[in-house]
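# Remarks on the overall topology
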Amino acid sequence: MSKIFITRKIDEAVIDELKKSFDVEVWDSEDEAVPRDILLEKVKESQALLTMLSDQIDKEVLSNAPLLKVVANMAVGYDNIDVQAAEKAGIIVTNTPDVLTDTTADLAFSLILATARRIPEAAEYIKKGDWTSWSPYLLAGHDVHHKTLGIIGMGKIGQAVAKRAAGFDMDILYHTRSRKTEAEEQFGAQYKSLNDLLEKADFVLVLAPLTDETRGMIGAEQFKIMKESAIFINVGRGPVVDEKALIEALENGEIAGAGLDVFEKEPISKDHPLVAMKNVVAVPHIGSASTETRFIMMKLAADNIKAVLNGEKPLTKVSV
Ligand code: NAP
């Protein structure tokens, strides 16, 4: 019987379904990633891995996996997996595109709103008992409607955010390597060079994947081009942004605020300078975290494993 190792506690219903046909073992923790030595041990005897974005599936893991046929990542991003090395070893890698698009777009848009309208700060203000009277500029933030949104990485999630932004009467700019004519037609989005987008946008939103090309794409030079009133949002991957440069840009008033779901090093510590800043809204990589969507992602990852182990075509294979 083929063996599947699942690197984190997932829904029992998904596990039970796999158990009908396979030998399944789970790293049964909700808040601790599988320790590296255990992953290296388990992969030796597994035909399939169901992984999380917090697992590094690199050359060392892949070369320790003589029986491995498939790595099913429970995320659309797959920068945690050496896909080239997997392909070379004949191991299929799958991800979970599409099913998380709207949920992640909701989170991206809520970060735009929360940062601009200072929602966490305002909620904290009441909790601390600081509200003594109404006043005209009390916790006044900035408008989102009728402003300009610049999306870097206008893929599935970027376009779902553009749809939401169109409902807020925003002007939409985007930057990718290739033109997205559907987004131009549907939401009036305008294609811009990166510098042009940075210069004109009130909200700069990163939704590009982490690749060799995008690593460090937003740094000191890019923050200097942005408006001093600009709010920077990152829902893509932390290392797309030079975090030191982001901290400096916020400290020096080169930009007005930031809404962050992803960080250079995750989990970010509570003592990190970004976490202490009043004009930063930081959340712990919860882009796709609705119970409905997370269940569908688990199920899709499991279905990919089932297909490969049954000799069928995987549903959502990654290729490089
Ligand atoms: P997608 O449909 O593949 O979109 C990615 C977009 O990025 C494409 O439009 C691509 O267009 C663009 N892109 C790639 N390289 C680029 C570059 N060098 N410069 C500018 N744009 C570039 O993927 P998606 O489903 O929208 O997801 C996007 C990313 O969001 C994922 O890779 C993942 O890292 C992140 N994500 C985060 C969360 C979260 O929880 N925070 C959840 C889901 C996804 P071109 O190829 O034309 O450049």
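Here, the structure is the one placed above.
Cut-off values and rules
Residues numbered from 1 in each chain as written. Predicted model: local features only at pLDDT ≥ 70, side-chain atom pairs only at ≥ 80, totals over all residues. Heavy atoms only, no water. Axes fitted to C-alpha atoms, helices over the stretch in contact; angles between N-to-C directions. Helix = DSSP H or I, 4+ residues; strand = E, 2+ residues; numbered from the N terminus. Parallel < 35°, antiparallel > 145°, perpendicular 65-115°, else oblique. Left-handed = near helix turned anticlockwise from the far one by under 90°. Contact = heavy atoms within 4.5 Å. Near = heavy atom within 4 Å. Polar contact = N/O pair within 3.5 Å; in protein donor to acceptor, adjacent residues only side chain to side chain. Phe/Tyr/Trp six-rings, centres within 6.5 Å; stacked < 30°, edge-to-face > 60°. Buried < 20%, exposed > 50% of the residue type's maximum accessible area, 1.4 Å probe, protein only. Patch = residues over 30% accessible without salt bridge, like charges linked within 9 Å, V, L, I, M, F, W, Y side chains within 5 Å. Areas by Shrake-Rupley, 256 points an atom, 1.4 Å probe, with all protein chains shown as cover. Salt bridge = Lys/Arg side-chain N within 4 Å of Asp/Glu carboxyl O.

### Quick look at the packing of helix H1 (residues 12–19) against helix H13 (residues 291–309)
Running from amino to carboxyl end, H1 crosses H13 at an angle of 15°, the nearest separation of the two axes being 9 Å. The orientation of H1 relative to H13 falls into the category roughly parallel. Like other packed secondary-structure pairs, H1 and H13 cross with a definite hand, here right-handed. On H13, the residues that touch Ala13, Val14, Glu17 and Leu18 of H1 are Phe295, Met298, Lys299, Ala302 and Lys306.

### What about the side chain of Thr51?
Inspection of the secondary structure assignment puts Thr51 in strand S3 (residues 48–51). Thr51 has contacts with Thr7, Ile57, Val71, Ala72, Asn73, Met74 and Ile81, leaving out every residue within four places of it along the chain.

### Observations concerning the site of the ligand
Close to the ligand lie 26 residues; Ile157, Arg177, Ser178, Lys180 and Asp261 are nearest. One nitrogen or oxygen atom from the main chain of Gly155 is found 3.1 Å from an oxygen atom belonging to the ligand. Take His285: an N or O atom from its side chain is 3.4 Å from an oxygen atom of the ligand.

### Structural notes on the packing of aromatic side chains
In total, this model carries three aromatic pairs according to the counting rule given. Summarising the aromatic geometry, the rings of Tyr174 and Tyr191 are spaced 5.3 Å apart at their centres and angled 70° between planes, so their arrangement reads as edge-to-face. A residue pair is termed long-range when its members are at least 10 positions apart, and Tyr174 in strand S7 (residues 171–175) and Tyr191 in strand S8 (residues 190–191) qualify at 17 residues. Given the relative accessible area of 0%, Tyr174 is considered buried. On the basis of relative accessibility, which here comes to 29%, the residue Tyr191 falls in the partly exposed class. With a centroid separation of 5.3 Å and 80° between ring planes, the pair formed by Phe223 and Phe232 is classed as edge-to-face. We classify Phe232 as buried; its relative accessible area is 0%.

### Some remarks on a nonpolar patch on the surface
On the surface, Ile126, Trp131 and Trp134 cluster together to form a nonpolar patch covering roughly 430 Å² of accessible area. Topologically, Ile126 is positioned in helix H6 (residues 119–127).

### Observations concerning the pattern of salt bridges
Once the charged atoms of two side chains with opposite charge are near each other, the side chains can pair. Applying the stated criterion to the full structure yields 25 salt bridges. The closest approach of N and O atoms between Lys42 and Glu25, which form a salt bridge, is 2.8 Å. Placement of Lys42 in helix H2 (residues 36–43) and of Glu25 in strand S2 (residues 23–26) is noted, with a sequence separation of 17 residues between them. By relative accessible area, Lys42 is classed as buried at 19%.

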